[in-house]
Amino acid sequence: MSGVMDTLAASPVVSSAELNADATPGENAFPLLPKNFVRASADYILSQQQADGCIPWFEGHYADPWDHVEAAMGLSIAGEFAAAKRAYAWLATQQLEDGSWWAAYRDNKVDNGERRESNFVAYVATGIWHHYLISGDRAFLARNWGMAEAALEFVLKLQSAHGEIQWAVDSDGAPMEDALITGCASIFKSLECGINIATVLQVSKPEWVEARERLGVALREKPHRFDRTWESKARFSMDWFYPVLTGAFSGDAAKARLQQKWDEFVVPELGCRCVNDEPWVTVAESCELTMALLAAGEMSKARALYRGLHRWQDSDGGYWTGYVYRDRAVWPEEKTTWTVGAMLLAADALAGLTPASKLFTSVNLVNSASESAQDTESLDHLHQLELAGGQR
């Protein structure tokens, strides 16, 4: 990795005042991975991480379980294993007896006790598996198995007979009965990761395999089971590409799904809209779409989309959350840790920086025989990361 990083060219760094909608360079105006990109990105997340391991959106803001894990995965990619472990240890201290977490935390206190969201709870399994793929740390995997198992057991109690998973429970623990396409797609990937953790640790979970299969069928074949009690979320780009990003759709079906709404959500040379009816592109959604494109075999589109995102980097290594191109303005004026985490995940997917690079671009349900070879590969990459100076 150190040799790769040494050859990367420098990229312009801009402030919010310097960004404007006329600055739309072609796809080759920015390098795929700027010089010091991984180091600067990790340093930004580290600067926001609290002493107890919690990673809020930014200093003074709250943390939520899903975005906390997204930022922690960025730390793992950068070789910041000690900080990543602190992030998962903090989650363990906050986990409730039923395996769940509240929607948000601030200063080690519950900041939003109105609900517990199923996709937020499930995502810890994705993060734990991701860290193991990179580090090869079986002790970490075993130590966090109880947390992942309890989280997924909580989530699967919310699965209906039709396969979809209810989006949340309320403050009293009663299911809030409806389902989100994006949330369920995220859970679909988390179940894949949870099954893999169980396989490595030689724990039999056939009911998880069956639950994941039923959830996949719901995502592909039962659109009527989502958005039943509220306005459709189809205006959100994540509902469009998340089923591809997380493996519910693959091959020609994935490519066709992305082509169907490409012009609706993608602004050429700027990025991906968060919603189809607002002139607002967001960095995290653009990163996730980059990985969905890779999953669908659209490498050229993925590279072109990702290259342009580096213009949203600030001098401290953080990335602005979004840009309203109609007003030529960064909005909100926030540099969220999970946005930087998404930038690192997409970089890994594009450049193969770690053994976890294919986590969001392919479905890989491991078996016990193949897992030993995977361990060796992980340890080789760990050595490279240490040589790159990422480990502190």
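Residues numbered from 1 in each chain as written. Predicted model: local features only at pLDDT ≥ 70, side-chain atom pairs only at ≥ 80, totals over all residues. Heavy atoms only, no water.

## Things to note about the sheet that holds strand β3 (residues 115–117)
- Overall, antiparallel pairing links the three strands, which are arranged β3-β4-β5 in an open sheet. Looking at strand neighbours, the two that pair on one side only are β3 and β5 (175–176), the edges of this open sheet.
- In the sheet, strand β4 (residues 168–170) pairs with β5 via two bridges, with the strands oriented antiparallel. Note that in β5 the partner of V169 across the bridge is P175. (Pairing = 2+ DSSP bridges. Helix = DSSP H or I, 4+ residues; strand = E, 2+ residues; numbered from the N terminus.)

## Looking at helix α2 (residues 37–48)
- Over its 12 residues, α2 extends 17 Å from the first C-alpha to the last, a length consistent with the 16 Å expected when each residue adds 1.5 Å.
- Listed in full, the buried residues belonging to α2 are F37, V38, S41, A42, Y44, I45, L46 and Q48. (Expected span 1.5 Å × (residues − 1). Buried < 20%, exposed > 50% of the residue type's maximum accessible area, 1.4 Å probe, protein only.)

## Topic: the side chain of D67
- Position of D67 among the secondary structure elements: in helix α3 (residues 65–77).
- No salt bridge is formed by the buried D67, whose closest oppositely charged neighbour, R115, lies at an N-O distance of 10 Å. (Lys, Arg positive; Asp, Glu negative; His and termini not counted. Salt bridge = Lys/Arg side-chain N within 4 Å of Asp/Glu carboxyl O.)

## With respect to the confidence of the model for the protein chain
- Here the protein chain averages 89 in pLDDT, while 86% of its residues score no lower than 70.
- The least confident element of the protein chain, judged by mean pLDDT, is helix α1 (residues 2–7) at 24; the most confident is helix α5 (residues 118–135) at 99.
- Here residues 372–392 is modelled with pLDDT under 50, and outside its nearest four sequence neighbours on either side it reaches 47 contacts, counting other chains as well. (pLDDT = per-residue confidence, 0-100. Contact = heavy atoms within 4.5 Å.)

## Quick notes on the nonpolar core
- Counting 123 residues, the largest nonpolar core has W129, L289 and Y306 as the members making the most contacts within it.
- The residues touching L289, leaving out its near neighbours within four places in the chain, are W240, F241, L258, W262, V266, C272 and L305. (Core = buried A, V, L, I, M, F, W, Y, C linked by side-chain atoms within 4.5 Å.)

## So, the pattern of salt bridges
- Evaluation of the coordinates by the stated rule reveals 19 salt bridges.
- The partner of E210 in a salt bridge is R214, with the nearest N and O atoms 2.8 Å apart. Residue E210 and its partner R214 are both found in helix α8 (residues 206–221); the two are separated by four residues, about one turn of the helix.
- The exposure class of R214 is partly exposed, given its relative accessible area of 27%.
- A cluster of three or more residues bridged by salt bridges with shared partners is formed by E149, E153, K205 and E207.

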